[in-house]
Amino acid sequence: RTRFGDGYRQGGLVIGLWTKNIRGDGYDMQSTARNSPMDNMLASTYCAMAVPFFEKTDGVFARWCRNSAIEDFQFAEDAMTIDRSSSVELVSLATVTSMHLYRMTREQIYLDKAVKYAKAVMDCQQLKRRADWSIPLHGFFYENAEKNRILAYYHQSKEHLMTQALAMLLSDAPDHTDASLWKEACRAYADYLHDISGTMEPYGILPGAVYEVDNTD
């Protein structure tokens, strides 16, 4: 019900008040529909994942989900420009969504798209150990391929997307020529988690990210 069918949708609304559930009073909230690649990729993923759950009980809705997944993915791609400044979150989500569409349709075109987006994901990763640091970390990701800022989260957390994308490719295309690169990237990220695992004692939790002193500047 948030989807207008032309790429525009209501992707969310932040509110800071309680409504009386009465139309026309001062508590009514409005927001603007957007044609957002991120929102459309997310919607495409959710619809593709929903298809097998409804195929046996509601074929009409399953078909709607399938068609919406394909359409929303195309809306997202039409609004995307992938270059070295592209967000690692967006290219990771695009890889994940491509893989869900590949699993739904078994069409090679979606696997090929996932492979293309995965290259952009890996371009954002620090593969070589940072010998200039007191802890020579590697495997973490930057915000984009320009590697000006380390990826960190202060509200939403989507750090699973990068390795989820590569793991899905390894699962579905283990014999692909890029498979060794996907595996190397996943192993490097595993090294990163291992190497930071003892830095928050005695709390026993993982740090959110590598903290940069001048990040707020």
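Just above sits the structure.
Residues numbered from 1 in each chain as written. Predicted model: local features only at pLDDT ≥ 70, side-chain atom pairs only at ≥ 80, totals over all residues. Heavy atoms only, no water.

Chemist: Honestly, the packing of aromatic side chains in this entry has me stumped. Any pointers?
Modeler: Any two aromatic rings considered together are summarised by their centre-to-centre distance and by the angle between their planes. Using the criterion set out here, one finds 8 aromatic pairs in the structure. On the numbers, 4.9 Å between centres and 85 degrees between planes, the contact of Phe54 with Phe61 is edge-to-face. Their ring planes at 45 degrees and their centres at 5.9 Å tell us that Phe141 and Tyr189 sit as a pair that is tilted. Pair noted here: Phe141 is in the loop between helix H4 (108-122) and helix H5 (160-172) and Tyr189 is in helix H6 (residues 179-196), with a separation of 48 residues, a long-range link. Take Phe141: its relative accessible area is 4%, and that puts it in the buried class. Residue classification places Tyr189 among the buried positions, given a relative accessible area of 13%. Every member of this aromatic cluster is reached through a ring pair, and the members are Trp133, Phe140, Phe141, Tyr142, Tyr189 and Tyr192. Sitting over the ring of Tyr102, Arg106 keeps its end group 4.4 Å from the ring centre. Its end group placed over the ring of Tyr117, Lys116 keeps NZ or CZ at 4.6 Å from the ring centre. (Phe/Tyr/Trp six-rings, centres within 6.5 Å; stacked < 30°, edge-to-face > 60°. Helix = DSSP H or I, 4+ residues; strand = E, 2+ residues; numbered from the N terminus. Buried < 20%, exposed > 50% of the residue type's maximum accessible area, 1.4 Å probe, protein only. Lys NZ or Arg CZ within 6 Å of the ring centre and 35° of its normal.)

Chemist: Would you explain the packing of H4 against H5 in this entry?
Modeler: Between two packed helices, what matters for the description is the angle formed by their axes and the separation of those axes. For the pair H4 and H5, the least separation of the axes is 10 Å and the interaxial angle reads 140 degrees. Here H4 lies oblique to H5, going by the angle between them. Between H4 and H5 the crossing geometry is left-handed. Here Leu111, Ala114, Val115, Ala118, Val121 and Met122 of H4 come into contact with H5, specifically with Met162, Leu166 and Leu169. Residues that form the contact of H4 with H5 fall into these classes: 9 nonpolar, no polar and no charged. (Axes fitted to C-alpha atoms, helices over the stretch in contact; angles between N-to-C directions. Parallel < 35°, antiparallel > 145°, perpendicular 65-115°, else oblique. Left-handed = near helix turned anticlockwise from the far one by under 90°. Contact = heavy atoms within 4.5 Å. Nonpolar A, V, L, I, M, F, W, Y, C, P; charged D, E, K, R; others polar.)

Chemist: I keep staring at the packing of helix H3 (residues 88-105) against H4 and nothing clicks. Help me out?
Modeler: Interaxial distance between H3 and H4 falls to 8 Å at its minimum, and their mutual angle equals 160 degrees. Overall, the two elements H3 and H4 adopt an arrangement that is roughly antiparallel. Considering how the two elements wind past one another, H3 and H4 form a crossing that is left-handed. On the side of H3, the interface is formed by Val88, Val91, Ser92, Ala94, Thr95, Ser98, Met99, Leu101, Tyr102 and Thr105, while H4 contributes Tyr110, Leu111, Lys113, Ala114, Tyr117, Ala118, Ala120 and Val121. Tallied by class, the residues present in the contact of H3 with H4 amount to 13 nonpolar, 4 polar and 1 charged.

Chemist: Looking at this structure, I do not really get the side chain of Asp72. What am I missing?
Modeler: Turning to its location among the elements, Asp72 is positioned in helix H2 (residues 59-78). Asp72 sits in the buried class, given a relative accessible area of 1%. At 3.0 Å, the side chain of Asp72 and the side chain of Arg3 are in polar contact. Those residues in contact with Asp72 that lie beyond four places of it in its chain are Arg3, Arg9, Asn40, Ala43 and Ser44. (Polar contact = N/O pair within 3.5 Å; in protein donor to acceptor, adjacent residues only side chain to side chain.)

Chemist: Can you help me understand unusual backbone geometry in this one?
Modeler: Of all residues except glycine, most have a negative phi; of all peptide bonds, most are trans. Cis geometry is adopted by the peptide bond preceding Pro202, which originates at Glu201 and carries an omega value of 10 degrees. Inspection of the secondary structure puts Pro202 in the segment after H6. Even without a glycine there, the phi angle at Arg106 is positive, about 60 degrees. With a phi angle near 60 degrees, Lys147 is a residue other than glycine that sits in the positive phi range. Overall, the relative accessible area of 33% leaves Lys147 in the partly exposed class.

Chemist: Quick question: what am I supposed to make of the pattern of salt bridges here?
Modeler: Side chains carrying opposite charge are able to pair once their charged atoms draw close together. Counting across every chain of the model gives 10 salt bridges. For Glu77, the salt bridge is made with Lys113, and the minimal N-O distance between the two is 2.9 Å. In this pair, Glu77 sits in helix H2 while Lys113 sits in helix H4, placing the two residues 36 residues apart along the sequence. The same class applies to Glu77 and to Lys113, which are both buried. For Glu143, the salt bridge goes to Arg149, with nearest N and O atoms at 3.2 Å. One connected set of salt bridges, linked through shared partners, spans Arg3, Arg9, Glu71 and Asp72. (Salt bridge = Lys/Arg side-chain N within 4 Å of Asp/Glu carboxyl O.)

Geometry only, nothing functional implied.
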